[in-house]
Amino acid sequence: MRLAVVAGPATTGKTAVLRQVVRRLLARGVAPAFLKIDVQYADEDEALAAEFGIPTRKVYSGELCPDHCSVMVLGDAVRWAAGAGAEVLLVETAGLCLRCSPYVDGALGIVVLEATSGMNLPRKVGPMLSLADVAVVTKIDRVSQAEREVFRARIEDAAPSVLVREVNALHGIGIDPLLGTLLGGPQLVLGEDLEPRGLRLRGAPPVGTCTICVGKRDVGWRSHFGVVRPLESATFYRGE
Amino acid sequence: MLDSLTILGGRSRTGEPEPVGRLDLRVGEVLAVVGPTGSGKTTLVNDLELFADGTTSTGRKVLVDGVPPPSRMRDEPSASPIALITQHTSFLSDLPVGEFLLTHARIRRSPTAAGRVVEETLAFANELTGEPIDARSRMTDLSGGQARALLIADATVVCDTPVVLLDEVENAGIDRARALALLRRHRKAFVFVTHDPHVALLADARLVMKGGAMTALLRADEADRRLAAVAGRMDFALARVREAIRAGERLAGSELEAFA
Ligand SMILES: Nc1nc2c(ncn2[C@@H]2O[C@H](COP(=O)(O)OP(=O)(O)O)[C@@H](O)[C@H]2O)c(=O)[nH]1
Ligand SMILES: Nc1ncnc2c1ncn2[C@@H]1O[C@H](COP(=O)(O)OP(=O)(O)O)[C@@H](O)[C@H]1O
Ligand SMILES: [Mg+2]
Ligand SMILES: [Mg+2]
C-alpha cells in the first residue's frame, strides 16, 4: 500500500492531475482509492467515482484546519482504502494554510502549483512547497517555454531538494514520469488491523496556542495572548 | 551535441498511416511546415518538442541522432536541445525583463556568463523589433511584437539549443525575413510553421500537412529559389509602403509598379 498526499492552492489542477494519475494506474492494473479533504464543499469524490468506478470518499474539516483534520483521519483512511482493496491511496487536501503542510513521512508529498501563477508564488507557499517531495507544475500549455523554465528555477531557488515535474494536466502530458515517482516511492507499513504504523507529520507545525483558532474574535493584539504582535514590530512576541 | 532529429510517421486524424513515414532534419537546415488551419501543424511541432514516443494522439516517434532520446531530455526542460516558440504572444510572468532573462541565462548557461548573455539577448531582440525593449520594463507590459522578438532572442541566445521551433511567427510585428537571416548565422535546425510565402520559399524544404498527417516533403528547387528572390523584393517594397503609410506620408502611386 502506498500513500500520496496532494496539496496546493485552489484551482491549481490537483484534481486534474489526479484524474490523469488514476487513469494510468488503472491502465497498469494498480488499484487506487481517493480521499478528498476540504473545508465545506467538495465533489471530486463523486466525479472520480463516476468516471473510474474506484472507491472514493470525502471529509469536511469544518471547524478544524484541513491539515489538522488530515492528521486526525489519515490512519482511518488508510485502513478504509486497504480494506477496499486499494494499492494506492491518493489524498487531495485543500491546502489553505501557508504556515504548515499536510505531508507525512513514509508517504509521497506532492504540491501542485500552476505555471500561470506568477514568479513569486514559490516564495510564498512556504512548507507546502519546501516539505514536499515533488512539485507538479500544471498549465504549462498556457505559458512560453522560457517562462516555464524560469518558473522551475524559481521553485528550485525556494526549495532546492524538491523534484519538479511539469505537466499539462488537461492532455496528460508529463504525467508518466510522475507515476514512476509514485510507484517507486515508499510502501506503508500496515499492522494486522490495516492501521498504518509510524506515519508522522513532516516538519515542525506552527505554535498551537492560537487564540483566534480557539474562538476569540476581538481584533487587536491587546485582546489576545500567546503569540502576539503589534504593527510596529518586526518580531513576534511570545508569552503575553 | 545533437546532429539530427528524426520523425517517424504515425497516423492521420482518421487513423491512416502518414504518407511521409520518416523525416530527417539536420542541424543547419531550415524546414517550413505548411498547411491550412487545423491540418496539424502545431501538433507536429508539439510532438517534436515533447520527443513523442508513440503515446501522443498522432502515434509519432521522435529520434535524436537516430535513437530514442534519454529521458533527461524530456524530464528536465533546461536540458532539452529544443527551444519552442509557441503561438502565445503574451507573457504572464510578472518579472522585469532583465531579471527574467538573468534567471533563465543562469540555468541555461552559467551564473558567470549570465550578465553578458542577457545583454546579447536584448541586443538581438532589438534588431528584430522596431520598438526597443528596456530591461527594466515588466514582461507583462511588452507588446506582441516585442514579446515575440524577445522569445526568439531568448531561444537563440539564452537557450542556444541546436533546434528551434517557431509556430507562426508572422502574427506579430517583427521582420520575418530579417529574423530568418539573423537566425541563419547560428548553426541550428529551424522549423517554421508558416503561412508566409517568402519564409516558406527561403526554407530548405517544405513539409505539407493535411488532415493531421505529413503528406509530402518538397525539397526547395530552382523555381522556389527564383520565386524567393522576387517574393523578397515584393516584401521589401510592401514594407516601404507600409512604413510610408504609418509615417503619414502621401504616396506617389508608383511604389509597386515593378510588380503591377
Ligand atoms: N490549460 C490547462 N488547464 C488546466 C490544467 N490543469 C488543470 N486545468 C484547469 O484548471 C481548473 C482547476 O483544476 P482542478 O483540477 O479542479 O483544480 P484543484 O482545485 O486544484 O483540484 C480546471 O478548469 C482545469 O480544467 C492544465 O495543465 N492546463
Ligand atoms: N494525427 C492526428 N491525430 C489526431 N488528432 C490530430 C492529429 N493531428 C492534429 N490533430 C488534432 O487536430 C486539431 C488541429 O490541429 P493543430 O495542430 O492545432 O492544427 P494547425 O496548427 O495546423 O492549425 C487539434 O485538436 C489536434 O489535436
Ligand atoms: Mg480539486
Ligand atoms: Mg496552429
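Chemist: Could you clarify how one ought to interpret the packing of aromatic side chains in this entry?
Modeler: Aromatic ring pairs are described here by two measures, namely the spacing of the ring centres and the angle between the planes. All names here are of chain B. Scanning all chains against the criterion turns up one aromatic pair over all chains. On the numbers, 6.4 Å between centres and 45 degrees between planes, the contact of F190 with F192 is tilted. Overall, the relative accessible area of 1% leaves F190 in the buried class. Taking the relative accessible area as the measure of exposure, F192 reaches 4% and is therefore buried.

Chemist: What is the right way to read the packing of helix α4 (residues 114-128) of chain B against helix α5 (residues 144-159) of chain B from this model?
Modeler: Working note: a packed helix pair is described by the angle between its axes plus the distance between those axes. All names here are of chain B. Following both chains from N to C, one finds α4 and α5 inclined at 135 degrees, their axes separated by 8 Å at the closest point. Put simply, α4 runs oblique to α5. Where α4 crosses over α5, the handedness of that crossing is right-handed. Between α4, through V117, E120, T121, L122, F124, A125 and L128, and α5, the contact on the second element is made entirely by A149, L150, I152, A153, D154, T156, V157 and V158. Of the residues in the contact of α4 with α5, the class split is 11 nonpolar, two polar and two charged.

Chemist: Hey, could you run me through the site of ligand 2 in this one?
Modeler: Residue and element names in this part refer to chain B. The environment of ligand 2 is formed by 14 residues, the closest being R11, G38, K41, T42 and T43. One of the backbone nitrogen or oxygen atoms of G38 is found 2.7 Å away from an oxygen atom of ligand 2. Contact between ligand 2 and S39: an oxygen atom at 3.3 Å from a main-chain N or O atom of the residue. For ligand 2, whose accessible area on its own is 570 Å², the fraction buried by protein is 70%. Of the residues in the shell around ligand 2, the class split is one nonpolar, 10 polar and three charged.

Chemist: Would you take a moment to explain the coordination of the magnesium ion (ligand 3) for this structure?
Modeler: Each pair of donors in an ideal four-coordinate tetrahedral metal site encloses 109.5 degrees, whereas pairs in an ideal six-coordinate octahedral site enclose 90 or 180 degrees. Residue and element names in this part refer to chain A. Bound to the magnesium ion (ligand 3) on the protein side are T15 (OG1), E44 (OE) and E92 (OE), at distances that span 2.0 to 2.2 Å. For the magnesium ion (ligand 3), the donor residues sit on a single chain with the sequence spacing T-x28-E-x47-E. Within this pair, whereas T15 is found in helix α1 (residues 14-27), its partner E44 is found in helix α2 (residues 44-52), the two being separated by 29 residues in sequence. Residues T15 and E44 agree in their burial class; the two are buried.

Chemist: Would you take a moment to explain a nonpolar patch on the surface for this structure?
Modeler: All names here are of chain A. The grouping of L64, V71, M72 and L201 at the surface amounts to a nonpolar patch, some 320 Å² of accessible area in total. In this structure, M72 sits in helix α3 (residues 66-83). You can call M72 exposed: its relative accessible area is 52%.

Chemist: Explain the domain arrangement of chain B here, please?
Modeler: Reports of interface size often rely on the accessible area that becomes lost once the parts have come together. All names here are of chain B. If you check the domain split of chain B, you get domain 1 (1-81 + 161-220), domain 2 (90-158) and domain 3 (222-260). The distance between the C-alpha centroids of domain 1 and domain 2 comes to 24 Å. Both sides of the domain 1 and domain 2 interface together cover about 1300 Å² of buried area, and 60% of this is carbon and sulfur. The largest per-residue losses of area from domain 1 upon contact with domain 2 belong to S78, I174 and L182, which jointly make up 31% of the total buried on that side. For the pair domain 1 and domain 2, the number of links is zero salt bridges. Inspection of the region where domain 1 meets domain 2 yields two residue pairs in polar contact (both at pLDDT 80 or more). Every element with two or more residues in the side of domain 1 that touches domain 2 is listed here: β6 (163-167) and α6 (176-184). When residues in the side of domain 1 that touches domain 2 are grouped by element, the largest group, four residues, is from α6.

Chemist: Looking at this structure, I do not really get the interface of chain B and chain A. What am I missing?
Modeler: Counting residues at the interface gives 26 residues for chain B, matched by 21 residues for chain A. For the chain B and chain A pair, buried surface summed over both sides reaches about 2000 Å², with 55% attributable to carbon and sulfur atoms. For the pair chain B and chain A, the interface holds four salt bridges. The closest approach of N and O atoms between D157 of chain A and R106 of chain B, which form a salt bridge, is 2.9 Å. Counting across the interface, chain B meets chain A through eight residue pairs in polar contact (both at pLDDT 80 or more). At the level of elements, β5 (82-85), α3 (97-108) and α5 of chain B are the ones that each hand at least two residues to the side of chain B that touches chain A. Among the elements that take part in the side of chain B that touches chain A, α3 of chain B stands out by supplying seven residues, more than any other.

Chemist: How do you make sense of the sheet that holds strand β2 (residues 22-26) of chain B when you look at a structure like this?
Modeler: Residues and elements named next belong to chain B. The strand order β2-β1-β4 describes an open sheet built from three strands, whose pairing is antiparallel. Where the open sheet ends on each side, the last strands, each with one partner, are β2 and β4 (61-64). Adjacent strand axes in the sheet meet at a mean angle of 15 degrees when their direction is disregarded. The pairing of strand β1 (residues 4-8) with β4 spans four bridges and is antiparallel. Its bridge partner lying in β4, L8 is registered against K61.

Chemist: Explain the domain arrangement of chain A here, please?
Modeler: Taken domain by domain, chain A comprises domain 1 (2-197) and domain 2 (207-240). Between the C-alpha centres of domain 1 of chain A and domain 2 of chain A the distance comes to 32 Å.

Chemist: What should I look at first to understand the site of ligand 1 in this one?
Modeler: Residue and element names in this part refer to chain A. Of all residues adjacent to ligand 1, which total 16 residues, the nearest are K14, T15, A16, D141 and A169. The contact in question runs from an oxygen atom of ligand 1 to an N or O atom on the backbone of T12, over 3.3 Å. Bound to the protein, ligand 1 loses 72% of the 580 Å² it would expose on its own. Residue contributions to the shell around ligand 1 peak at three residues, all from α1. Across the shell around ligand 1, the residue classes break down as five nonpolar, six polar and five charged.

How each quantity is defined
- Residues numbered from 1 in each chain as written.
- Chains lettered and ligands numbered in written order.
- Predicted model: local features only at pLDDT ≥ 70, side-chain atom pairs only at ≥ 80, totals over all residues.
- Heavy atoms only, no water.
- Phe/Tyr/Trp six-rings, centres within 6.5 Å; stacked < 30°, edge-to-face > 60°.
- Buried < 20%, exposed > 50% of the residue type's maximum accessible area, 1.4 Å probe, protein only.
- Axes fitted to C-alpha atoms, helices over the stretch in contact; angles between N-to-C directions.
- Helix = DSSP H or I, 4+ residues; strand = E, 2+ residues; numbered from the N terminus.
- Parallel < 35°, antiparallel > 145°, perpendicular 65-115°, else oblique.
- Left-handed = near helix turned anticlockwise from the far one by under 90°.
- Contact = heavy atoms within 4.5 Å.
- Nonpolar A, V, L, I, M, F, W, Y, C, P; charged D, E, K, R; others polar.
- Near = heavy atom within 4 Å.
- Polar contact = N/O pair within 3.5 Å; in protein donor to acceptor, adjacent residues only side chain to side chain.
- Areas by Shrake-Rupley, 256 points an atom, 1.4 Å probe, with all protein chains shown as cover.
- Donors = N, O, S within 2.8 Å, 3.2 Å for Na, K, Ca; no water.
- Patch = residues over 30% accessible without salt bridge, like charges linked within 9 Å, V, L, I, M, F, W, Y side chains within 5 Å.
- Salt bridge = Lys/Arg side-chain N within 4 Å of Asp/Glu carboxyl O.
- Domains from an automatic or database assignment.
- Buried area = accessible area lost by both parts, 1.4 Å probe.
- Pairing = 2+ DSSP bridges.

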